[in-house]
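# Descriptive analysis of the structure
Each chain is listed here by its residues.
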Amino acid sequence: MIFIVLFCFISFPEQRNINELKGTISMIEHERNDIEIMLDNVGMVYDSADGKEVTALTSVTMDIHKGEFISLLGPSGCGKTTLLRIIADLIHPTSGNVLIGGVSPKDARLKRRYGMVFQSATLYDWRTVIKNIELPLEITHCPKKERHERAMKMLDLVGLSDFADHYPRQLSGGMQQRVGIARALALQPEILLMDEPFSALDEFTREKLHVDLLKIWRKTNKTIIFVTHNIQESVFLSDRICVLSPHPGRLSAIIDVDLPRPRTMDIKDTPEFTALVSKVRNSFEGV
Amino acid sequence: MKKLKKLLTSKFFITIVWVVMLIAVWELFAFHVENIKRTPENVQPHLSGIVDSLTSDRKINGSQTALQMVIENAKATLTRAGIGYIIGIASGFLLALFMSLSKIVEKTSFPYLMLIQLIPILGMAPIINAITGDIAKSRIIIAAILTFYPVATNTLAGFKSVQREKHELMYSYAANKFQIYTKTMIPACIPYFFTGLKISAPMAITASILVDTLQGGIGLGCLLSQSLKGAMTRYVFWDIVFFSAVIGILSFYIMGIIEIMMCPYRRTGKR
């Protein structure tokens with residue numbers, strides 16, 4: 001008996017995988033540091049049509065804190081959307097590790113920790129606005145009454161309560177995108193992933209939605225990852241900006257945006273704002 | 001001036017112009033034929049003659065007027081066309097569903113589906129008749145086969161039209177296959193499905209009438225060939241031609257109306 005116990009003691013530490021240990025340590029760090037998303041040396045290599053390997057992303061390492069507003073900024077081909085899609089579990093990185101709240105992106109997705117907002121609102125045109133927001137709740141078999149109440153609450157949050165029974169085609173582009181945000185929030189995910197959500201809107205609507213998005217963010221305390229190619233947009237919205245450069249896609253700088261909050265449109269006229277914009281612009285490499 | 005332009009381009013006005021023009025051209029030829037032929041109704045009778053034959057209460061086969069005969073036979077033909085149509089819709093939709101669920105099914109069946117369209121109905125009918133041994137059954141099957149192709153291809157196109165983002169959205173909700181189909185794929189393909197229905201409704205009816213002519217019995221096509229062979233007045237033939245044209249067009253519009261009823265989102269508000 002003693003012999004067996006002794007044997008266990010000796011062999012157990014050896015059998016443990018070193019990676020597993022690393023994972024455990026990083027999980028402990030998560031709890032302590034309030035880290036929501038941990039990217040460790042993430043890389044992505046595609047096989048192109050003619051058999052060559054195309055590097056979309058090389059060794060991205062960074063931590064994203066709970067409740068943080070992060071922008072992934074860069075020109076096309078810099079891998080910003082690739083990085084978002086890796087976090088969303090839509091594609092798997094060819095190297096490196098991703099941990100979302102201590103679990104893999106797949107587990108995080110299955111636990112419905114993400115809300116997705118796309119460039120086009122991607123509403124279901126056969127469903128009314130309220131039914132669109134109820135859609136994710138239907139998927140999770142939320143009872144009918146609660147479903148309606150929660151959807152109405154979300155609609156209220158984006159300021160479209162009066163349009164509950166309209167069909168998407170009856171709404172303007174900006175309103176449609178707000179419905180998209182409400183739908184993404186319906187399952188109360190911790191993380192909101194936004195892939196150039198405002199790039200198809202006109203400048204006036206976009207500025208209004210920036211302010212609205214910051215209000216929603218403050219009310220809900222989500223972690224937001226916001227993909228964009230618009231420098232002003234990223235400076236206005238973010239806590240931190242991840243500047244990604246192309247050929248090959250890589251993280252070339254992380255810039256802290258220490259502008260005071262809550263931010264209003266006026267902040268865009270301050271010298272601090274302009275200085276940050278040029279700082280971000282100068283941090284690009286090889287564009 | 002603006003009002004006039006609006007009237008001239010309105011759908012109603014254009015339809016009226018077309019109808020009047022068709023009647024004028026028809027009558028012009030009818031007058032011409034009347035002058036050069038001894039039996040003008042064999043080539044092109046006056047429209048008034050056709051209307052007369054429908055409204056007259058002269059019994060043509062001893063017990064029925066022309067209109068009663070046409071309606072009785074139409075019932076049989078349309079019932080067969082209807083049953084075939086429904087079978088065709090169901091199988092077309094199911095195959096499209098399987099093709100969208102499995103790449104293998106799609107790769108192995110889709111390219112060859114087109115062959116069905118290439119075989120002439122009149123060539124296919126005797127074969128099917130030989131297999132089933134029953135002309136009524138084969139008439140139903142032919143209508144089903146012709147319905148099947150447009151429904152299957154259009155429904156598949158509908159499944160494929162779903163944006164990538166919608167798939168990604170369902171993926172992010174961790175939706176299962178059943179939910180993906182009931183919430184996204186099937187509602188999205190409904191307009192395409194109805195395009196298939198609208199194309200195939202007149203086809204099912206035409207095919208039914210055509211296959212009727214192959215053998216006797218009751219049916220519009222049977223009556224039509226009897227009339228052509230001189231078993232009864234030639235006007236019955238013209239009655240059937242016009243009657244089936246109207247039914248064909250109506251079937252298209254009925255499908256359109258059902259579509260609008262089923263898809264309220266397509267009719268409300270601005271584009």
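Note that the structure is predicted; figures quoted are calculated from it, not measured.

### Remarks on the overall build of chain A
A count of helical and extended segments in chain A gives 10 helices and 9 strands. Here chain A holds 287 residues, and the buried ones make up 51% of them. Sequence separation of 24 or more characterises 69% of the internal contacts of chain A that already satisfy a separation of 6 or more. As displayed, chain A offers around 14,100 Å² of accessible surface, 55% of which is attributable to carbon and sulfur atoms.

### Quick word on the domain arrangement of chain B
Residues and elements named next belong to chain B. Each assigned domain of chain B is listed here: domain 1 (2-44) and domain 2 (52-266). Using C-alpha coordinates to define each centre, domain 1 is positioned 29 Å away from domain 2. With 5 residues of domain 1 at the contact, the number on the domain 2 side is 4 residues. Both faces considered, domain 1 and domain 2 share a buried interface measuring about 440 Å² in area, 62% of it formed by carbon and sulfur atoms.

### What about the pattern of salt bridges?
Residues and elements named next belong to chain A. This model, assessed by the stated rule, comprises 22 salt bridges over all chains. Put simply, Lys-131 and Glu-134 hold a salt bridge, and the shortest N to O gap is 3.8 Å. Here Glu-134 and Lys-131 lie together in helix 5 (residues 129-139), a separation of 3 residues that amounts to about one turn. Judged by its relative accessible area of 34%, Lys-131 falls in the partly exposed class.

### Structural notes on the pairing of strand 2 (residues 53-65) of chain A
Residue and element names in this part refer to chain A. When strand 1 (residues 35-47) meets strand 2, the two strands line up antiparallel, connected through 9 bridges. By the bridge assignment, Ile-35 is partnered in strand 2 with His-65. Turn length for the strand 1-strand 2 hairpin, with the two strands adjacent in sequence and antiparallel, is 5 residues, and the turn residue Gly-51 shows positive phi of about 85°.

### Considerations on the domain arrangement of chain A
All names here are of chain A. If you check the domain split of chain A, you get domain 1 (40-113 + 189-287) and domain 2 (124-188). Computed over C-alpha atoms only, the centres of domain 1 and domain 2 are separated by 25 Å. With 17 residues of domain 1 at the contact, the number on the domain 2 side is 13 residues. Contact between domain 1 and domain 2 buries roughly 1,200 Å² in total, counting both sides, with carbon and sulfur atoms accounting for 77%. If you sort the residues of domain 1 by the area they bury against domain 2, Arg-112, Pro-189 and Ile-216 come out on top, with a joint share of 41%. Where domain 1 meets domain 2, there are 1 salt bridge. Across the pair Arg-178 and Asp-212 runs a salt bridge, and its minimum N-O distance is 3.7 Å. On the surface where domain 1 and domain 2 come into contact, there are 1 residue pair in polar contact (both at pLDDT 80 or more). If you list the elements that add at least two residues to the side of domain 1 that touches domain 2, you get strand 6 (191-195) and helix 8 (203-220). Sort the elements by how many residues they give to the side of domain 1 that touches domain 2 and helix 8 lands first, with 8 residues. Residues that form the side of domain 1 that touches domain 2 fall into these classes: 9 nonpolar, 2 polar and 6 charged.

### Describing the packing of aromatic side chains
Under the defined criterion, the tally for this structure stands at 12 aromatic pairs over all chains. Pairing Phe-193 of chain B with Phe-194 of chain B gives two aromatic rings, centres 5.9 Å apart and planes at 75°, and the pair type is edge-to-face. Taken together, a centroid distance of 5.5 Å and an interplanar angle of 90° make the contact between Phe-252 of chain B and Tyr-253 of chain B edge-to-face. Looking at Phe-252 of chain B, the relative accessible area reads 36%, which means it is partly exposed. An aromatic cluster is defined as three or more aromatic residues linked by ring pairs; in this entry it consists of Phe-93, Phe-159, Tyr-181, Phe-193 and Phe-194 of chain B. Taking the ring centre of Tyr-171 of chain B as reference, the NZ or CZ of Arg-109 of chain A above it sits at 3.6 Å. Positioned above the aromatic ring of Tyr-124 of chain A is the side chain of Lys-166 of chain B, whose terminal nitrogen or guanidinium carbon lies 5.2 Å from the ring centre.

### Examining unusual backbone geometry
All names here are of chain A. A cis amide bond links His-247 with the next residue in sequence, Pro-248, at an omega value of -10°. With an omega of -5°, the peptide bond between Arg-261 and Pro-262 qualifies as cis. Examined against the element boundaries, Pro-262 turns out to sit in the loop between strand 9 (250-256) and helix 10 (271-282). Within the chain, Ser-59 stands out as a residue other than glycine whose phi angle is a positive 25°. Relative to the elements of secondary structure, Ser-59 occurs in strand 2. Given the relative accessible area of 44%, Ser-59 is considered partly exposed. Here the phi dihedral of Thr-122 falls at roughly 55°; this positive angle occurs in a residue that is not glycine. Note on placement: Thr-122 falls in the loop between strand 5 (114-117) and helix 5.

### So, the pairing of strand 1 of chain A
In terms of strand pairing, strand 1 of chain A meets strand 4 (residues 95-100) of chain A through 5 bridges, oriented antiparallel. Paired with Ile-37 of chain A across the two strands is Ile-100 of chain A, which belongs to strand 4 of chain A.

### Remarks on the packing of helix 8 (residues 164-172) of chain B against helix 9 (residues 177-212) of chain B
Helix-helix packing is described using two parameters, namely the angle between the two axes and the distance between the axes. All names here are of chain B. Helix 9 packs onto helix 8 with a crossing angle of 145° between their chain directions and a minimal axis gap of 11 Å. For the pair helix 8 and helix 9, the sense of crossing is right-handed. Here helix 8 contributes Lys-166, His-167 and Met-170 to the contact with helix 9, which in turn contributes Gln-179, Ile-180, Lys-183, Thr-184 and Met-185. By residue class, the composition of the contact of helix 8 with helix 9 is 3 nonpolar, 3 polar and 2 charged.

### Side note on the nonpolar core
With 122 residues, the main nonpolar core has Leu-39, Ile-133, Leu-193, Leu-213 and Val-235 of chain A as its most contacted residues. Counting residues per element, this core draws most heavily on helix 9 of chain B, at 10 residues. Setting aside its immediate chain neighbours within four residues, Ile-133 of chain A contacts Ala-151, Met-154, Leu-155, Val-179, Ala-182, Arg-183 and Ala-186 of chain A. Counting residues in hydrophobic clusters, the runner-up holds 18 residues, among them Trp-26, Ala-66, Ile-205 and Ile-240 of chain B.

### Considerations on the side chain of Asp-195 of chain A
Residue and element names in this part refer to chain A. Mapping Asp-195 onto the fold places it in strand 6. Among buried Asp, Glu, Lys and Arg side chains, Asp-195 stands out as unpaired, with Arg-85 the closest opposite charge at 5.5 Å. A polar contact of 3.5 Å, which involves the side chain of Asp-195, links it to the side chain of Thr-81. When near neighbours in sequence (up to four residues on either side) are disregarded, Asp-195 contacts Thr-81, Leu-84, Val-117, Phe-118, Gln-119 and Val-227.

What counts and how
Residues numbered from 1 in each chain as written. Chains lettered and ligands numbered in written order. Predicted model: local features only at pLDDT ≥ 70, side-chain atom pairs only at ≥ 80, totals over all residues. Heavy atoms only, no water. Helix = DSSP H or I, 4+ residues; strand = E, 2+ residues; numbered from the N terminus. Buried < 20%, exposed > 50% of the residue type's maximum accessible area, 1.4 Å probe, protein only. Contact = heavy atoms within 4.5 Å. Areas by Shrake-Rupley, 256 points an atom, 1.4 Å probe, with all protein chains shown as cover. Domains from an automatic or database assignment. Buried area = accessible area lost by both parts, 1.4 Å probe. Salt bridge = Lys/Arg side-chain N within 4 Å of Asp/Glu carboxyl O. Pairing = 2+ DSSP bridges. Polar contact = N/O pair within 3.5 Å; in protein donor to acceptor, adjacent residues only side chain to side chain. Nonpolar A, V, L, I, M, F, W, Y, C, P; charged D, E, K, R; others polar. Phe/Tyr/Trp six-rings, centres within 6.5 Å; stacked < 30°, edge-to-face > 60°. Lys NZ or Arg CZ within 6 Å of the ring centre and 35° of its normal. Axes fitted to C-alpha atoms, helices over the stretch in contact; angles between N-to-C directions. Left-handed = near helix turned anticlockwise from the far one by under 90°. Core = buried A, V, L, I, M, F, W, Y, C linked by side-chain atoms within 4.5 Å. Lys, Arg positive; Asp, Glu negative; His and termini not counted.

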